Amino acid sequence: MLHYLYDTNKTTLTARVIGVGGDEKGSYLLLAETIFYPQGGGQPADQGIIKTESEVLLIHFAGFIDGAVRHYTIAPISEDLIGQSVFCEIDHDRRDLNARYHTAGHLLADVVSRIYPPARAVKGHQFPGEAYVEFIDIPEGSMDIQMIQNALNQQIQLGISVQICEMTKNEYEEKYGVLPYPTPDDKPFRMIAIETFPPVPCGGTHVKNTMDIGAVKIRKVTNKQGRTKVSYEL
């Protein structure tokens, strides 16, 4: 089970080790279930610790590879861990910041798409310090940064509910149209729905209410090759 899909605030878990291995990123563990968010969808990976019976492993990266989350650590890992129960704990402050950035990105996409139809968000990057959302179908030079900032502030202050829901990709496209970007086939097709805005596919972590995002500042707007990039920070 991928707990991060259902509960952003769950930061500890006891899980069984089902495999160990190594690749160019280091040694890794495979768990029967996990709370660690694997880097992807524009969001950084969780970091934290995994406690075994004899040591504490620092998990510096998590990646979704071949249908499973790999929990990477620097230290070599013994196959004797397979079958053992271990205690997992993620860095709560890092998870919270990444969730706030990710929800802010979706809210920004919703606000811009509403102000400038038929603009559509086609890419999001929610790494702190370098976050942006990229749009198509916005005439160059037409975007009013202050108007976007004001609308974003208003939606945050309204305290809008952020919901998670599920449907199939076919169901989504029949109701909301074909997506302007590809989605991975090896991950659950999950939706984030900021109330009053249409749901969009997303497998990231999110806050439960727009007020939890905190203050968002639009840093700049740039245009290149028919795409408009809106950069922001918390």
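Look above for the structure.
The structure presented is a predicted model; accordingly, all values stated were derived computationally and were not measured. (Residues numbered from 1 in each chain as written. Predicted model: local features only at pLDDT ≥ 70, side-chain atom pairs only at ≥ 80, totals over all residues. Heavy atoms only, no water.)

Trainee: Describe helix α1 (residues 92–115), listing the residues and the values that go with them.
Mentor: Taking 1.5 Å per residue, 24 residues should reach 34 Å; α1 reaches 35 Å between its end C-alpha atoms and fits that length. By the N-cap criterion, in which a side-chain oxygen at the helix start approaches the backbone nitrogen of a residue two or three places on, α1 is capped by D91, the distance to D93 being 3.1 Å. (Helix = DSSP H or I, 4+ residues; strand = E, 2+ residues; numbered from the N terminus. Expected span 1.5 Å × (residues − 1). Polar contact = N/O pair within 3.5 Å; in protein donor to acceptor, adjacent residues only side chain to side chain.)

Trainee: How would you summarise helix α2 (residues 145–157) if you had to cite specific residues and measurements?
Mentor: Across its 13 residues, α2 extends 18 Å between first and last C-alpha, which sits within 8% of the 18 Å expected from 1.5 Å per residue. Within the sequence span of α2, burial applies to I148, Q149, A151, L152, Q155 and I156. At its buried positions, α2 is contacted by α1 and β13 (217–224). The opening residue of α2 is D144, an N-cap whose side-chain oxygen sits 3.0 Å from the backbone nitrogen of Q146. (Buried < 20%, exposed > 50% of the residue type's maximum accessible area, 1.4 Å probe, protein only. Contact = heavy atoms within 4.5 Å.)

Trainee: Which residues make up the side chain of R70, and what values do they have?
Mentor: For R70, the location among the structural elements is in strand β6 (residues 68–73). Relative accessible area serves as the criterion here: at 13%, R70 is assigned to the buried category. Among residues more than four places away in sequence, those in contact with R70 are D23, Y28, L29, L30, F61, A62, G63 and I65.

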